[in-house]
Amino acid sequence: MSNSVGLKLGSLSLDVPFFQASLSGYSNYAMRTLARRFGCPFIMADMMLAKSAAHPRVLRKAVFRPGSDEHPIGAQILGSKPATMAKAARDLVAVGYDVIDLNFACPAPKVLRRGRGGALLNDPDTVIDILKAVRDVVAVPILMKLRIGVDHKPESLENFWQIVSRSVEHGVDALVIHGRTVSERYRGKADWDLPAAVKSRFPRATIVGSGDIFDAAATVDLMKRTGLDGFIVARGAIGNPWIFRDLRSVWENRPLPGPPEMSEQRDVIGEHFELILRDYPEKKAVGIFRKFAVGYVCRHPRRKPVLLSFMKAKTRADVENVVNTWYADTYPNV
Ligand SMILES: Cc1cc2nc3c(=O)[nH]c(=O)nc-3n(C[C@H](O)[C@H](O)[C@H](O)COP(=O)(O)O)c2cc1C
């Protein structure tokens, strides 16, 4: 495999074979901006309920629209009604999204109870009806996010293969496959053999893998072993935009840049918080930021007290104080 090959998602060509996943509650403008800055070529926005996206007032809010500096950017939609999914897709493309991704993977109980997300993996007819309805109304690339089945029962595997083969037949531009079942949620190690088997059975289809992408060198080896076209970065990017710099370096056969210095961490964390404040009121911004702090502190030699200080922070000044104290060149040695 030549490391110069990128990834084609229908008419969209990326120069490297990876991008950032939709991460519900995380993949807002701030996270996307930093990911792009560190070399991510394409990013998915936060998952949206199709019913909400199809509502005329919702897409007027800036927070749900792509920034002018964000292209190419994809929108992921969740729903079970082909007409609603199609309307949402059309409206999202109208406000500037470049790619539509259909979510048939979400394992959240409230989503499954309503027959959405991962629940649809046991309903191939509806999945294909949704794909066709969306295909009929938008000309942009369409991706589908799948898990490898609802569970490990033989009929779930049969449904998975049916969805794969029928969606390829109906011209899906890429399948993004998370190598866990819905009932496994995030437990255990992701299975990359089944996505690899999909690629060998449908060599002309674009198959993108997902699961346990935390380390750049290991991921590039995985790509070579499985023959997949690409992969998405999910938990590995939370509080860690540097993963894209590492992935790019390894993919382009350059040496790993090495971990960011404390001063770089301080600048990036500070900027991340500022970017969140751009879109959310202070209290909400602090809450959102805390979810990323969990990732950022992993690099700190005094991880526990730093995390505790971030978790106690309630205001903008508190967060800034934690950053200035713990990410100073000489941080407290407690
Ligand atoms: C907090 C969180 C939110 C997620 N939200 C979404 C989402 O909105 N849409 C989606 O397709 N996948 C979502 N995922 C799943 C990821 O895209 C990915 O498939 C999964 O985390 C496996 O990759 P990883 O092991 O590298 O994290 C989410 C995962 C996490 C941990």
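Predicted model, so just to flag it, every value in this text is computed and none were measured. (Residues numbered from 1 in each chain as written. Predicted model: local features only at pLDDT ≥ 70, side-chain atom pairs only at ≥ 80, totals over all residues.)

Asker: Let's hear about the overall build of the protein chain: which residues, and what values?
Answerer: When helices and strands are tallied, the protein chain shows 13 helices and 11 strands. Taking 334 residues into account, the globule formula puts the C-alpha radius of gyration at 20 Å, and the protein chain, at 20 Å, falls close to it. A principal-axis box enclosing the C-alpha atoms of the protein chain has dimensions of 60 × 45 × 35 Å. Buried positions account for 46% of the 334 residues belonging to the protein chain. Counting contacts in the protein chain only where the partners sit at least 6 residues apart, residues at least 24 apart contribute 68% of the total. (Helix = DSSP H or I, 4+ residues; strand = E, 2+ residues; numbered from the N terminus. Rg over C-alpha atoms; globule rule 2.2 N^0.38 Å. Buried ≥ 20, exposed ≤ 12 C-beta atoms within 10 Å, placed from the backbone. Contact = placed C-beta atoms within 7 Å.)

Asker: Quick rundown of the nonpolar core? Include the residues and the values.
Answerer: Ranked by internal contacts, the top residues of the largest apolar core, which has 102 residues, are I77, I100, L102 and L175. Domain assignment of the residues forming this core places at least three in each of domain 1 (7-251) and domain 2 (262-326). (Core = buried A, V, L, I, M, F, W, Y, C linked by C-beta atoms within 7 Å. Domains from an automatic or database assignment.)

Asker: Would you mind going over the packing of helix α10 (residues 262-279) against helix α13 (residues 316-326) in detail, with residue names and values included?
Answerer: Remark: α10 packs on α13, axes separated minimally by 10 Å, with the N-to-C direction vectors making an angle of 170°. Here α10 lies roughly antiparallel to α13, going by the angle between them. Only R316, V319 and V323 of α13 make contact with α10, whose side of the interface consists of R266, I269, G270, F273 and L277. Looking at the contact of α10 with α13 residue by residue, the class counts come to five nonpolar, one polar and two charged. (Axes fitted to C-alpha atoms, helices over the stretch in contact; angles between N-to-C directions. Parallel < 35°, antiparallel > 145°, perpendicular 65-115°, else oblique. Nonpolar A, V, L, I, M, F, W, Y, C, P; charged D, E, K, R; others polar.)

Asker: Can you tell me about helix α5 (residues 124-137), naming the residues and giving the values?
Answerer: In a regular helix each residue adds 1.5 Å, so 14 residues correspond to 20 Å; α5 covers 20 Å between its end C-alpha atoms and thus fits that length. Looking at the buried positions of α5, the neighbouring elements they touch are α3 (82-94), β7 (99-104), β8 (142-147) and α6 (154-169). (Expected span 1.5 Å × (residues − 1).)

Asker: Please give an account of the domain arrangement of the protein chain that cites residues and values.
Answerer: Each domain of the protein chain was delimited in the assignment, giving domain 1 (7-251) and domain 2 (262-326). Computed from C-alpha atoms alone, the centre-to-centre distance between domain 1 and domain 2 is 28 Å. Listed as interface residues are 12 residues of domain 1 and, on the opposing side, 11 residues of domain 2. Among the residues forming the side of domain 1 that touches domain 2, the class breakdown is seven nonpolar, five polar and no charged.

Asker: Give me the site of the ligand: which residues, what numbers.
Answerer: Taken together, the neighbourhood of the ligand is formed by 19 residues, with A21, S24, M47, A234 and R235 sitting nearest. For the shell around the ligand, the class distribution of residues is eight nonpolar, eight polar and three charged. (Near = placed C-beta within 6 Å.)

Asker: How would you summarise the environment of D46 if you had to cite specific residues and measurements?
Answerer: Tracing the sequence through the fold places D46 in the loop between β4 (43-44) and β5 (48-49). For the pair formed by D46 and A86, sequence separation is 40 residues and the distance between their alpha carbons is 18 Å. Sequence-distant contacts of D46, defined by excluding residues within four places in its chain, comprise S22, S24, S27 and N28.

Asker: Run through unusual backbone geometry, naming residues and quoting values.
Answerer: A cis amide bond links H71 to the next residue, P72, at an omega of 0°. Looking at the element boundaries, P72 is found in the loop between α2 (50-53) and β6 (73-78). Positive phi is not limited to glycine here, since N253 has a value of about 60°. Structurally, N253 can be placed in the loop between α9 (242-251) and α10.

Asker: Could you give me a rundown of the environment of A217, with the residues and numbers involved?
Answerer: Along the polypeptide, A217 turns up in helix α8 (residues 216-226). Taking the C-alpha atoms as reference points, A217 and R266, separated by 49 residues in sequence, lie 25 Å from one another.

Asker: A description of the pairing of strand β10 (residues 207-210) should follow, citing residues and the corresponding values.
Answerer: Going residue by residue along β10, you find I207 and G209 tucked away on one face and V208 and S210 tucked away on the opposite face as well. Once you follow strand β9 (residues 174-178) into helix α7 (residues 193-201) and on to β10, the crossover reads as right-handed. As paired strands, β10 and strand β11 (residues 230-233) are joined by two bridges and run parallel to one another. Looking across to β11, one finds that V208 is bridged to G230. (Right-handed = clockwise from strand over helix to strand, strands pointing away. Pairing = 2+ DSSP bridges.)

Asker: Please set out α6 residue by residue, giving values where relevant.
Answerer: Compared with the 22 Å implied by 1.5 Å per residue over 16 residues, the 23 Å span of α6 between its first and last C-alpha is a close match. Burial in α6 covers these residues: F160, I163, V164 and S167. Projected down its long axis, α6 carries its buried residues within an arc of 95°, all on one side. Across α6 from its buried face, at more than 90 degrees, point the exposed residues P154, E155 and E169. Looking at the buried side of α6, the elements it contacts are α5, β8, β9 and α7. G171 occupies a position one or two residues after α6 and carries a positive phi of about 80°. (Arc of directions from axis to C-beta.)

Asker: Would you mind going over the pairing of β8 in detail, with residue names and values included?
Answerer: Counted residue by residue, β8 has six buried out of six residues, so it is predominantly covered. Residues I142, M144 and L146 of β8 are buried on one face, and the alternating residues L143, K145 and R147, pointing to the opposite face, are buried as well.

Asker: Could you give an account of the packing of α3 against α5, naming the residues involved and the relevant values?
Answerer: A packed helix pair is summarised by two numbers, namely the angle formed by the two axes and the spacing between the axes. At a minimum axis distance of 8 Å, the contact between α3 and α5 shows a crossing angle of 35°. The handedness of the crossing between α3 and α5 is right-handed. Between α3 and α5, the contacting residues are P82, A83, M85, A86, A89 and R90 on the first element and D129, I130, A133, V134, D136 and V137 on the second. (Left-handed = near helix turned anticlockwise from the far one by under 90°.)

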